[in-house]
Amino acid sequence: MAQLLRGWSSIDPRFKHIRPVVYTVSRVNFSGFTTPGGNGGNGTGGTGGSNHSTAWSRYNYYRQQEFLRPPNASGWQYYGGQQQRHYGMLIGRVLRGVLKLRYLVLGSAIGGGVTLNKRYEEWKDGLPDMKWLEEVFPDNEKWAGFTKNLLAVKDAVKDSIEIDPRLKQLSEHKLNEWRQWFDQRLDNAIEAAETQQNPQIETTKEELRAKNTVNAKGLSAEDSRKRVDTLQAQVDSLQTEIMNVQLKYQREVEKLEKENRDLRQQYLILKTNRKQPTKKRIKKSLIDMYSEVLDELSGYDTSYTTADHLPRVVVVGDQSSGKTSVLESIAQARIFPRGSGEMMTRAPVKVTLSEGPYHVAQFRDSEREYDLTKESDLAELRRDVEIRMRNSVRGGKTVSMDVISMTVKGPGLQRMVLVDLPGIISTQTVDMAPDTRDQIKHMTEHYMSNPNAIILCIQDGSVDAERSNVTDLVSQCDPLGKRTIFVLTKVDLAEDLADPNRIRKILSGKLFPMKALGYFAVVTGRGRKDDSIETIREYEEKFFKNSKLFQSGVTMSHQVTTRNLSLAVADRFWKMVRETIEQQADAFKATRFNLETEWKNNFPRLRESGRDELFEKAKGEVLDEVVNLSQVSAKKWEELMNSKLWEKLSSYVFENIYLPAAQSGSQNSFNTMVDIKLRQWAEQALPAKSVEAGWEALQKEFQHLMEVARRTPDHDDLYDNLKSAVIDEAIRRHSWEDKAIDMLRVIQLNTLEDRSVHDKQEWDQAVRFFEASVKDKLQATETTIGEMFGPSTSQKWLHWRSSTEEQNKRRQVKSELDKILDSDSKHSPTLSYDELTTVRKNLQRGNVEVETDYIRETWYPIYRRHFLKQALNRAYDCRKAYYLYSQQGSDCEVNCSDVVLFWRIQQVIKVTANALRQQVINREARRLDKEIKEVLDEYGEDDEKKLQLLTGKRVQLAEELIRVRQIQEKLEEFINALNLEK
């Protein structure tokens, strides 16, 4: 501080009077400031105690005085100077402000520079990567060299072209013109090269001069011309290449500009939060809206259990009575397939007729429109209708309840909805299902039982009225005839066959025991399949115009022709619609309320979801588990593979390799037999068994993940059947790659070639593996023995168990066999003939008769347990035998060939598990994921699968509620449009 003030005083003399105070304070001794009279702060008195004026006390005294006095000539003195003090403090404040402002300006400049540099780096990072241009364009040095070479070539070519004297005969004017043309082409090539900077053209001046110099003295005119043409061709080639590069660069620039425009447009959209314009809603006609309601009902009412009382025109009649022809005449197009006497209508066909500028037809579930003015489209439409009918028939049935819905639009068509039903039959043929007649009758009665349905009863006029089946059904469903319209077809054939008075009775309603709103006579064709609707219309009008039935007054003019029939049916249809539609809408509104109430009472915290939505949720959960499968660690996969491999291979290793080799009698024969059997195993069965084990491990882990997901708190049991079906189907389809078996065979054969244990750690692992495997087999053998010989003495007393007669008999045989093993602990695996005879005779003395096979069957588990116990003892002896094995090898005093065998097996399992783990992670998990997605996609398009796998009250109630809600909403929409039309 003192030095700082000295510096200030050197700058401004007004700071000089501050120096005495600073100097005095700086020389104060602060070592003893505790008490005025203390010695070093101990408070006990000292040399300075009598004066009561230590350095600290003097400092405090001066500090308490609020004035300073400038020095004079006699020394340092202090006096009161309030005015000088204010002046000094003001100067200090000003100086402090100036210094602070300087630091603020300096800090702002530094901070602004850092911020500007950061903004520049961010802007530079946001620019597109243009490093690829550095690879395309040459650097400056290459281009400078290239340009220099081209200029030199130009000069060389000019200087090297010497004209042969024999060419002097040529016109001088032509020669100069040629030279100017050639120079111009060279200049253009050089200029283009300078513009585009092509690095690929690096021809030196010497090369061009050697190739293109034209020695006019030793060449003919023809040779000179050829040389010049060659040189010109090379120049043209260079120029073409340059132009191609220019076009390439131009395309790249245009591509970048387009991307820039797209990015800018996206940025503006995001910036202004501009929404995409909504698709303009197409206004539907009344009949189309009404048809959609009926389509919803047809899907909802597949079992005929819902009270569907919406009006529609039901076309009924006997088979081949002409009802389909009547419908085609009303639709003004031959849209249905035809057959001679064969049943063609196998399912209900709902046809919605509406007026439009073009005569077209379209299925409800298809976007294609058929042009009914073209015969080719009509043929395709008839073929598609027939295909849909045959596809709707399942399970050996002849007719189907599924509705085929289509729309026909055209100029002059009356708006209405007609349903064409299969014709009523009297006799079933052998190619029909046994219940065909009953099914058709039930279907017809159902559609006619609708109290608001208009029944269009079709009667064949060319047959006897007594053979009619349909009139009885119609009279039963509509006895008063308030909604029935009777149509007599094939009147042209009946004119000559029937009595005119009989036709008069039919059309007046006095012949059949049924009543109707109106009676009509129509002609729907001349019996020719190729006749068009226009031809049939003309024939019909001509017939009634010239018919004696019409001229004699048998029929009235308003009762004939298909046109009058269409007008009458359409008029009655819309009258029925206006009278009943609101009542039906109220009925569905009440049904919706009841279903919603039931849903809230049963599932108050769940939203009603249909099968499609539930399937999508289940699909998402299954795919999530597939993702979890890919997150299983490599260590866990190897553990799973090791466990599954030994589970699959242990039985073969013991029964086919280890036991036969161990019971061979000597260590050399053991090793030889082991090598042979291991190689045969690795070449044949081992790779396929390994792949099978890997696939089972993959399947087990995936099912484990699914089981863990089921135990989560938010798990929904509704999806379990669907998930299980999808996984089972995907697993059934999945198969391991074929090349994996060949790869594993090579790895396993190479691994089995190693016959020596390398270190103590591997030896200990092999010993433990051998012990654990022998103990597992020993435990299984003990279980078999317990079942064969019955409970032991302790089990009889403690668990109150008793032996059967067969078990007692085997126990006696066992006691004789134990004697043989006690006498010879190294007995062979089989019993000799003498031993078998001895055992039988000993048992006969105890009145026990047994066969030789019975003794052998009892001997097998007893010897197996004896052998496994010996093997386990050898494993215990080999625990500390690695030093002897490492020194002596196969000649070791302790026989540890068993351990070496199981070490080799263990190594094979390790490398196989590692290879299978890599295949699972790299290939098989992804392939399984793909197959699961394929199964999900297939099931998503199969409504029957969804119906089969997503079941329960919750699903059924939600489906019904959703469908009723849709129907009710469409009904309200139709009623609003109908009221507006009024």
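- Looking at an unreviewed UniProt entry, one finds the chain named Dynamin-like GTPase OPA1, mitochondrial, with Anopheles arabiensis as its source organism.
- The heading Catalytic activity (unreviewed entry) in the UniProt record of the chain holds the text "GTP + H2O = GDP + phosphate + H(+)".

**Some points on the overall build of the chain**
Step number 1: Each helix and strand in the chain was counted, giving 34 helices and nine strands.
Step number 2: Every one of the 982 residues in the chain was classed for burial, and the buried ones make up 40%.
Step number 3: The contacts in the chain between residues at least 6 apart in sequence include a share of 77% that link residues at least 24 apart.
Step number 4: Of the accessible surface of the chain, which amounts to about 57400 Å², a share of 50% is contributed by carbon and sulfur atoms.

**Here's the deal with the packing of aromatic side chains**
Step number 1: The full count for this structure, using the stated rule, is 18 aromatic pairs.
Step number 2: Measuring from centroid to centroid gives 6.0 Å for F363 and Y370, while their planes differ by 90 degrees, and the two rings are edge-to-face. Of the two residues, F363 and Y370, neither departs from the other in class, the shared state being buried.
Step number 3: The interplanar angle of 20 degrees and the centroid separation of 5.4 Å between the aromatic rings of Y652 and W681 together place this pair among those described as stacked.

**Comments concerning the nonpolar core**
Step number 1: One finds Y658, W763, L817, L901, I905 and I932 to be the most contacted residues of the largest nonpolar core, which totals 102 residues.
Step number 2: Here the element with the most residues in this core is helix α32 (residues 897–941); it accounts for 17 residues.
Step number 3: In contact with L817, not counting residues within four places along its chain, are L831, V839, I855, T858, W859 and I862.
Step number 4: Counting residues in hydrophobic clusters, the runner-up holds 65 residues, among them I287, L353, L456 and F603.

**Quick look at the side chain of S475**
Step number 1: Within the secondary structure, S475 sits in helix α14 (residues 470–477).
Step number 2: Once you skip the residues sitting within four places of it in the chain, S475 turns out to touch P513 and M514.

**Let's talk about the packing of helix α26 (residues 760–789) against helix α30 (residues 852–877)**
Step number 1: For the pair α26 and α30, interaxial distance at closest approach is 9 Å and the crossing angle is 155 degrees. As the angle between them shows, α26 and α30 are arranged roughly antiparallel. As for the relative orientation of α26 and α30, their crossing is left-handed in sense. Residue-level contacts link V767, F770, E771, V774, K775, K777, L778, T781, E782, I785, M788 and F789 of α26 to E857, T858, P861, I862, R864, R865, L868, K869, A871, L872, A875 and Y876 of α30.
Step number 2: Partitioning the contact of α26 with α30 into residue classes produces 14 nonpolar, two polar and eight charged.

Definitions and cut-offs
Residues numbered from 1 in each chain as written. Predicted model: local features only at pLDDT ≥ 70, side-chain atom pairs only at ≥ 80, totals over all residues. Heavy atoms only, no water. UniProt positions renumbered as here; feature names shortened; annotations may be inferred. Helix = DSSP H or I, 4+ residues; strand = E, 2+ residues; numbered from the N terminus. Buried < 20%, exposed > 50% of the residue type's maximum accessible area, 1.4 Å probe, protein only. Contact = heavy atoms within 4.5 Å. Areas by Shrake-Rupley, 256 points an atom, 1.4 Å probe, with all protein chains shown as cover. Phe/Tyr/Trp six-rings, centres within 6.5 Å; stacked < 30°, edge-to-face > 60°. Core = buried A, V, L, I, M, F, W, Y, C linked by side-chain atoms within 4.5 Å. Axes fitted to C-alpha atoms, helices over the stretch in contact; angles between N-to-C directions. Parallel < 35°, antiparallel > 145°, perpendicular 65-115°, else oblique. Left-handed = near helix turned anticlockwise from the far one by under 90°. Nonpolar A, V, L, I, M, F, W, Y, C, P; charged D, E, K, R; others polar.

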